[in-house]
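# Chains, contacts and geometry: an overview
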Amino acid sequence: MKRTIYWKIILPVSLILFSCTGATRITGSWVNPETQPVKQDYHHIFIATMTKHAIARAQTENALSAELKRFNKRGLKSSDTFTPALLETLPAREELLQLIQQTGADAILTTSLLRTQSETRYVRSSVKYAPVPAYGWYRGFYAYYAHWYPMVYDTGYYVADKTYFVESNLYDARTEKLLWSAQTATVNPGSLEKFLAEYPGKVIAQMMRDGVLKP
């Protein structure tokens, strides 16, 4: 009885406190066991933010690139590589990969906003996070890109959710194999600037802890 009362009181209070902070937290991360231990030291990381909004894409990629620079990594941004005309339709796999490989990237980092209302990939923090193999879009970089493209490049995709779930994936640029995946939750960020003040640091730090990027 006491335990029930405890959760009825403490849990709502903790949710209220968290919602007031606008903090970003890692809700789960996964490392591909087939690629462990990571033998390659990735230094040139192509950042592909999945959004139709050019300013938001550039700001997000700039922030991630700046964070990578702190660890002597170079962030290669899709906002510097993909033209607006290229993104009007889903690029062919060969065209997209050729553009990325021409930058000298050895890894690809994707960032996608997942809507809370309809996204089935949300995983509660009490459940072990893992990209579900049954979902074909986790087969490789282009499969993932092609799956999400129709949704994230649709002007009706973004809504004023109070909680934003963002999925970040790291791929090997040569094989397209998924190396690492993580999901973050941000409550009431208020603005993109406030979100980007925390998100890059949390994601890059998690990759370091998980061993997919070396300091």
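Residues numbered from 1 in each chain as written. Predicted model: local features only at pLDDT ≥ 70, side-chain atom pairs only at ≥ 80, totals over all residues. Heavy atoms only, no water.

## With respect to the confidence of the model for the protein chain
Any residue range with low pLDDT should be treated as having predicted coordinates unsuitable for detailed reading. Across the protein chain, the average pLDDT comes to 78, with 72% of residues at or above 70. Strand 3 (residues 74-77) holds the highest mean pLDDT among the elements of the protein chain, 98, whereas helix 1 (residues 2-21) holds the lowest, 34. Here residues 1-21 is a poorly scored stretch, pLDDT under 50, and it has seven contacts once near neighbours within four places are set aside; other chains count. With pLDDT under 50 throughout, residues 155-161 is counted as low confidence; its partners more than four residues away or in other chains account for 19 contacts. (pLDDT = per-residue confidence, 0-100. Helix = DSSP H or I, 4+ residues; strand = E, 2+ residues; numbered from the N terminus. Contact = heavy atoms within 4.5 Å.)

## A word on the sheet that holds strand 1 (residues 24-31)
Spatial strand order, 1-6-5-4-2-3: six strands in an open sheet with mixed pairing. Either end of the sheet is taken by a strand with one partner, and the two such strands are strand 1 and strand 3. Adjacent strand axes in the sheet meet at a mean angle of 20 degrees, parallel and antiparallel pairs treated alike. Against the sheet, helix 7 (residues 199-210) contacts strand 1, strand 4 (107-114), strand 5 (163-172) and strand 6 (178-187), and its axis sits at roughly 30 degrees relative to strand 1. (Pairing = 2+ DSSP bridges. Axes fitted to C-alpha atoms, helices over the stretch in contact; angles between N-to-C directions.)

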